[in-house]
Amino acid sequence: MPSPNEGSFLPEEDLLNTILDGLKRTVSEYTTATTESACPTVRSMFSNLTAETLKMQGEMYQLIEQQNQYAAPVPHAMKSDVDKQLQEMQNTVQQTRQLISQKTSGLAPTSHTPNVPMHQPNVQPTH
């Protein structure tokens, strides 16, 4: 029986891994765009795109894993290691929030006056 991608220039395994790698890069770029966005609408759009792309990346990974296309099994993290990393990240978030609060406590609600008027969003966020 012929394979679905017969005649393709790459084997299916390579195609799937290329897509997976592309999704990983896209998530990275969307994350950067989210953190760099000053406009709430644009930030929300990139946040949504990041979440959707992460979901696709996870689905692609599961497909590749189900087809046993990884040379070596992916080691699973110990719950205690994950819990430790989670606690460290939560501590970092708390410390960052405290620092931001300390640094902005004396500032007026808006410390920067825009030099251009607010504009209507040209992309409607999806829910």
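One can find the structure itself at the top, above this paragraph.
Structure report, in brief. Owing to the predicted nature of the structure, the values given are computational and were not obtained by experimental measurement. (Residues numbered from 1 in each chain as written. Predicted model: local features only at pLDDT ≥ 70, side-chain atom pairs only at ≥ 80, totals over all residues. Heavy atoms only, no water.)

Here's the deal with the side chain of T50
Worth spelling out the cut-off: Elements are defined by DSSP. Helices are runs of H or I of four residues or more, strands are runs of E of two residues or more, and each kind is numbered from the N terminus. Accessibility here uses a 1.4 Å probe with only protein chains present; expressed as a share of the type maximum, an area under 20% marks a residue as buried, one over 50% as exposed, and anything in between as partly exposed. Contacts were defined at the residue level, with two residues in contact if any of their heavy atoms lie within 4.5 Å.
In this structure, T50 sits in helix 2 (residues 40–66). The buried category is assigned to T50, whose relative accessible area is 11%. Residues in contact with T50, not counting those within four places in the same chain, are V27, Y30, T31 and T34.

Some details on the packing of aromatic side chains
Note the following rule: Centres within 6.5 Å make a pair out of two Phe, Tyr or Trp rings, where for Trp the six-membered ring is used; the pair is then stacked when the planes are under 30 degrees apart, edge-to-face when over 60, and tilted otherwise.
Counted according to the given criterion, the structure contains one aromatic pair. Centroid distance Y30 to F46: 6.0 Å. Interplanar angle 45°. Geometry classified as tilted. With Y30 in helix 1 (residues 12–36) and F46 in helix 2, this residue pair connects regions lying 16 residues apart in the sequence.

Topic: the nonpolar core
Rule in force here: Residues belong to a common nonpolar core when they are buried Ala, Val, Leu, Ile, Met, Phe, Trp, Tyr or Cys residues joined through side-chain atoms within 4.5 Å.
Counting five residues, the largest nonpolar core consists of L16, L20, L23, M60 and I64. For this core, the secondary structure elements donating two or more residues are helix 1 and helix 2. Looking at this core element by element, the count peaks at three residues for helix 1.

Thoughts on the pattern of salt bridges
Short version of the rule: Each reported salt bridge corresponds to a side-chain nitrogen of Lys or Arg within 4 Å of a carboxyl oxygen of Asp or Glu.
Counted according to the given criterion, the structure contains two salt bridges. Ionic pairing is found between K55 and E59, a salt bridge with its closest N-O pair at 3.8 Å. One end of the pair is K55 and the other is E59, both in helix 2 and four residues apart, which spans about a single turn. The exposure class assigned to E59 is partly exposed, which follows from its relative accessible area of 41%. The partner of K79 in a salt bridge is D83, and the shortest N-O contact between them spans 3.0 Å. Highlighted residues: K79 and D83, both in helix 3 (residues 79–104), separated by four residues, approximately one helical turn. Owing to a relative accessible area of 59%, K79 belongs among the exposed residues under this scheme. Exposure remark for D83: the relative accessible area of 35% places this residue in the partly exposed category.

Purely spatial values, then, with no claim about function.
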